[in-house]
Amino acid sequence: MYYRNKKRCGRCVRWIVIVIAVLGVLGSVNGYLMTGQKEKQLDELRKQKELFEKELYVATRDLRVGQVLTLEDVVLQVRYTDTERSNYLDTEDIGKILLTDVREGECLTKRMITDTKTDVREVVVNRIDLPVGLTEGDLVDLRISYGNAEDYVVLAKKLLVYCEEKKGIILRLEEKEILFLSSALHDCESYKDTQLYLVKYPEYRNMQGSDVNYIPNVAVLSMLHQDTKIDKRKQLEQRLTER
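Residues numbered from 1 in each chain as written. Predicted model: local features only at pLDDT ≥ 70, side-chain atom pairs only at ≥ 80, totals over all residues. Heavy atoms only, no water.

A. Layout of the overall build of the protein chain. In terms of helices and strands, the protein chain carries four helices and nine strands. Listed by position from the N terminus, the elements making up the protein chain come as α-β-β-β-β-β-β-β-β-α-β-α-α. Among the 243 residues that make up the protein chain, the fraction classed as buried is 31%. Looking at the protein chain alone, contacts between residues at least 24 apart form 64% of all its contacts between residues at least 6 apart. When the accessible area of the protein chain is evaluated, it comes to approximately 16,200 Å², of which 53% is carbon and sulfur surface. (Helix = DSSP H or I, 4+ residues; strand = E, 2+ residues; numbered from the N terminus. Buried < 20%, exposed > 50% of the residue type's maximum accessible area, 1.4 Å probe, protein only. Contact = heavy atoms within 4.5 Å. Areas by Shrake-Rupley, 256 points an atom, 1.4 Å probe, with all protein chains shown as cover.)

B. Spotlight on the nonpolar core. Ranked by size, the top nonpolar core spans 25 residues in total, and within it L142, I144, Y146, V154, L181, L196 and Y214 carry the most contacts. Among all residues touching L196, those that are not within four sequence positions of it are R127, I128, D129, L142, R143, I144, V154, L181, A184, L185 and C188. L69, V74, L89 and L98 belong to the second-largest nonpolar core, a separate cluster that totals 11 residues. (Core = buried A, V, L, I, M, F, W, Y, C linked by side-chain atoms within 4.5 Å.)

C. Geometry of the sheet that holds strand β7 (residues 151-164). The five strands lie next to each other as β5-β8-β7-β6-β9, forming an open sheet whose pairing is antiparallel. Unpaired on one side and paired on the other, β5 (121-125) and β9 (195-200) mark the two borders of the sheet. Shown here is a sheet whose adjacent strand axes are inclined to one another by a mean of 45°, direction ignored. Looking at chain direction, strand β6 (residues 139-145) and β7 are connected through six bridges and run antiparallel. (Pairing = 2+ DSSP bridges. Axes fitted to C-alpha atoms, helices over the stretch in contact; angles between N-to-C directions.)

D. Quick look at the side chain of E150. Here E150 lies in the loop between β6 and β7. When its relative accessible area of 15% is taken as the criterion, E150 is described as buried. Here N148 takes part through its side chain, which lies 2.7 Å from a polar atom of the side chain of E150. Here the side chain of E150 touches R239 through a polar contact of 2.7 Å, side chain to side chain. When residues no more than four places from it in sequence are discounted, the contact partners of E150 are I144, S145, L236 and R239. (Polar contact = N/O pair within 3.5 Å; in protein donor to acceptor, adjacent residues only side chain to side chain.)

E. Structural view of the pattern of salt bridges. Taken as a whole and judged by the stated rule, the model has 14 salt bridges. Here E122 makes a salt bridge to R172, at a shortest N to O gap of 2.9 Å. Remark: R172 occurs in strand β8 (residues 168-173) and E122 occurs in strand β5; sequence separation between them is 50 residues. Looking at R172, the relative accessible area reads 17%, which means it is buried. Its salt-bridge partner being R233, residue D187 comes within 2.7 Å of it at the nearest N-O pair. Of the two residues, D187 sits in helix α2 (residues 175-190) while R233 sits in helix α4 (residues 230-241), which places them 46 residues apart along the sequence. Of the two residues, D187 and R233, both sit in the buried class. One network of salt bridges, with partners in common, ties together R85, D90, D93, K96 and K110. (Salt bridge = Lys/Arg side-chain N within 4 Å of Asp/Glu carboxyl O.)

F. How the structure looks around the environment of I215. Assignment of secondary structure puts I215 in the loop between β9 and α3 (218-223). Each C-alpha atom, one on I215 and one on K229, is 7.4 Å from the other, the two residues being 14 residues apart in sequence.

G. Region of interest: the packing of aromatic side chains. Under the definition given, this model contains three aromatic pairs. Aromatic pair F180 and Y214: ring centres 6.1 Å apart, planes at 70°, arrangement edge-to-face. One end of the pair, F180, is in helix α2; the other, Y214, is in the loop between β9 and α3, and 34 residues separate them in sequence. Through successive ring pairs, a cluster of aromatic residues spans Y146, Y152 and Y191. One Lys or Arg, K157, reaches over the ring of Y201 and ends 5.9 Å from the middle of that ring. (Phe/Tyr/Trp six-rings, centres within 6.5 Å; stacked < 30°, edge-to-face > 60°. Lys NZ or Arg CZ within 6 Å of the ring centre and 35° of its normal.)

H. Quick peek at a nonpolar patch on the surface. A surface patch of nonpolar side chains, amounting to about 290 Å² of accessible area, comprises F52, V78 and Y80. Note that F52 resides in helix α1 (residues 2-52). (Patch = residues over 30% accessible without salt bridge, like charges linked within 9 Å, V, L, I, M, F, W, Y side chains within 5 Å.)

I. Inspection of α2 at higher detail. End to end, α2 covers 23 Å across 16 residues, agreeing with the expected 22 Å (1.5 Å per residue, within 8%). What α2 keeps buried is the set E177, L179, F180, L181, S183, A184, L185 and D187. (Expected span 1.5 Å × (residues − 1).)

Given below as structure tokens:
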């Protein structure tokens, strides 16, 4: 009896050893597989990091709308974003004008700037209908609406430098645009139910500017040497006077 029990205990011990050995092997295999899976995950994370990692221009201090951007205003830093690099500031954009305020540490995008030109002037306009929620730094179209329901773009994607409901607005315009504005203001006085109004571009969207399709009066066309458009202007004036 003692021998039989001893033999049975020996078998149990052997089975326990086998089970432990098998569990050890399974644990090793599982550990190997887990390690391989972790390495794969780390590799994927490294690839994502490289994909999102970009060297971008960042403001070194608070910058104001209308300010000309200089090298002292920005510094290159590594940032992580899924936005295409082409949407952000490049070296050739230094020297352009800011369209909005920029906080220190903020990345600069191309929609925040505009080209600077030597013939640009700041022009006050106070005979215009202003939409609700308009603020300095907005980009706007100036449109003209005639009494016969015809509607045209006079100025496209202009920077709103200043805005106050009772005092009017200030726009930064080129010489040609100033002449277009002058003609549009004269139209408001000459044709009944004609008005100028602003259309605001949506914020945080890099939209292309509207096509300017307004035809100024004959005097302005002559000053700009655009005599080929005189017939179209006269046709517009005829339609307006036939009302």
